[in-house]
Amino acid sequence: VSVDFVDINMGCPIDVVCNRGAGSALLQKPAKLADCVRAASAVLSCPLTIKLRKGYFDGKDIAHELLPQAASWGAAAATLHGRTRQQRYSRLADWEYIRRCAAAAPQGFQLLGNGDVYNWRQHVEQVEQAGVATSMVARAALIKPWIFTEIKERRHWDISASERLQLLKDFCSFGLTHWGSDTKGVESTRR
């Protein structure tokens, strides 16, 4: 299998992931987090990237301590979500914190910002103000999958109902092609 890079999501806030010591739970054990990055980068022949949150608990941010070391562990780049695990999505992402982390990152280390980018103007504004390489779009892509066209073309794109329906049809077709049209394939496509 050929891949361009491997990303380890150490920012996942989901209970079933964290309860097993993975995702955001790794933010509570920085040595284990570092060991995971070292071990993965040692066996990969492609770049390794990581995704983190500010911290696990509100008021106990830790990413600013981890990110300056990430390159020495073997990470080629990192994405920083501007929320804690405890916060989930209850408040806006802290792009000022992301800016401070970007300023403290080692020279040449690519940092991506993540959180509350719902249109091309927010993307441009957050990238410029935070000084990050780019933004990672997440929930906005579920809300409006055409956000990437908006960002690329730097314009708002309010697509018609028929265009939205065609996107949904394409998604279903891709899902059934990928997962199959049996019961399990249909269930996976619906999720």
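Right, let's walk through the structure included here. Quick caveat: nothing in here was measured; it's all calculated off a predicted structure.

1. A short note on the overall build of the protein
Scanning the protein from terminus to terminus reveals nine helices and five strands. A globule of 191 residues ought to have a C-alpha radius of gyration of about 16 Å, and the protein, at 18 Å, matches this closely. By its C-alpha atoms, the protein is 50 × 40 × 35 Å across when sized along the principal axes. Per-residue burial over the protein gives 40% buried out of 191 residues. Partitioning the contacts of the protein with sequence separation of at least 6, the portion at a separation of at least 24 is 59%. Taking the average location of the 25 positive side-chain charges in the protein and that of its 19 negative ones, the two points are 4 Å from each other.

2. Remarks on empty space enclosed by the protein
One simple way to see leftover space: roll a probe sized like a water molecule over the atoms. Evaluation of the coordinates by the stated rule reveals one cavity of 30 Å³ or more. Considering only enclosed or pocket space, the largest cavity measures out at about 80 Å³ in volume. When grouped by side-chain class, the residues that make up the lining of the largest cavity number seven nonpolar, three polar and three charged.

3. Comments concerning a nonpolar patch on the surface
Residues Leu165, Leu168 and Phe171 make up a contiguous nonpolar surface patch of about 290 Å² in total accessible area. Within the secondary structure layout, Leu168 lies in helix 8 (residues 161-179).

4. A few points about helix 2 (residues 30-43)
With 14 residues, helix 2 extends 21 Å from end C-alpha to end C-alpha; this agrees with the ideal 20 Å at 1.5 Å per step. Buried within helix 2 are the following residues: Leu33, Ala34, Val37 and Ala40. Projected down its long axis, helix 2 carries its buried residues within an arc of 135°, all on one side. Facing away from the buried side of helix 2 by over 90 degrees, the exposed positions are Ala31, Ala42 and Val43. Where helix 2 is buried, its residues contact strand 1 (6-9), strand 2 (48-53), helix 3 (63-73) and strand 3 (75-81).

5. Let's talk about helix 3
Listed as buried for helix 3 are Ala63, Leu66, Leu67, Ala70 and Trp73. One face of helix 3 carries all of its buried residues, which in axial projection span an arc of 120°. Structurally, helix 3 contributes buried residues whose contacts are with helix 2, strand 2, strand 3, helix 4 (95-104) and strand 4 (110-114). Gly74 sits one or two positions beyond helix 3 and adopts a positive phi of about 120°.

6. Quick notes on the packing of aromatic side chains
Where two aromatic rings form a pair, the distance of their centres and the angle of their planes describe that pair. One pass over the structure, following the stated rule, counts one aromatic pair. Geometrically, the ring pair formed by Tyr56 and Phe57 is edge-to-face, given 4.8 Å between the ring centres and 75° between the ring planes. With a relative accessible area of 13%, Tyr56 lands in the buried category. The ring of Tyr89 carries the charged tip of Arg53 above its face, separated from the ring centre by 5.4 Å.

7. Here's the deal with the sheet that holds strand 5 (residues 134-136)
The five strands are arranged 1-2-3-4-5 in an open sheet whose pairing can be described as parallel. The sheet is open, and its two borders are formed by strand 1 and strand 5, each paired with just one other strand. Averaged over all neighbouring strand pairs, the angle between strand axes comes to 30°, with direction disregarded. When strand 3 meets strand 4, the two strands line up parallel, connected through five bridges. Paired with Leu80 across the two strands is Gly113, which belongs to strand 4.

8. Thoughts on the nonpolar core
Within the largest apolar cluster, 41 residues are counted, with the highest numbers of intra-cluster contacts made by Leu33, Leu52, Leu67 and Leu80. When contributions to this core are tallied by element, the ones reaching two or more residues are helix 2, strand 2, helix 3, strand 3, helix 4, helix 5 (120-130) and helix 7 (147-153). If near-sequence neighbours (up to four positions away) are discounted, Leu52 is found in contact with Met10, Gly11, Leu27, Leu33, Leu66, Leu67, Thr79, Leu80 and His81.

Criteria and cut-off values
- Residues numbered from 1 in each chain as written.
- Predicted model: local features only at pLDDT ≥ 70, side-chain atom pairs only at ≥ 80, totals over all residues.
- Heavy atoms only, no water.
- Helix = DSSP H or I, 4+ residues; strand = E, 2+ residues; numbered from the N terminus.
- Rg over C-alpha atoms; globule rule 2.2 N^0.38 Å.
- Buried < 20%, exposed > 50% of the residue type's maximum accessible area, 1.4 Å probe, protein only.
- Contact = heavy atoms within 4.5 Å.
- Lys, Arg positive; Asp, Glu negative; His and termini not counted.
- Charge placed at Lys NZ, Arg CZ, Asp CG, Glu CD.
- 1 Å grid on protein atoms, 1.4 Å probe; cavity = no way out; pocket = protein on both sides within 12 Å on 5 of 7 lines; lining within 4 Å.
- Points joined across faces, edges and corners; volume = space filled by probe spheres on them.
- Nonpolar A, V, L, I, M, F, W, Y, C, P; charged D, E, K, R; others polar.
- Patch = residues over 30% accessible without salt bridge, like charges linked within 9 Å, V, L, I, M, F, W, Y side chains within 5 Å.
- Areas by Shrake-Rupley, 256 points an atom, 1.4 Å probe, with all protein chains shown as cover.
- Salt bridge = Lys/Arg side-chain N within 4 Å of Asp/Glu carboxyl O.
- Expected span 1.5 Å × (residues − 1).
- Arc of directions from axis to C-beta.
- Phe/Tyr/Trp six-rings, centres within 6.5 Å; stacked < 30°, edge-to-face > 60°.
- Lys NZ or Arg CZ within 6 Å of the ring centre and 35° of its normal.
- Pairing = 2+ DSSP bridges.
- Axes fitted to C-alpha atoms, helices over the stretch in contact; angles between N-to-C directions.
- Core = buried A, V, L, I, M, F, W, Y, C linked by side-chain atoms within 4.5 Å.

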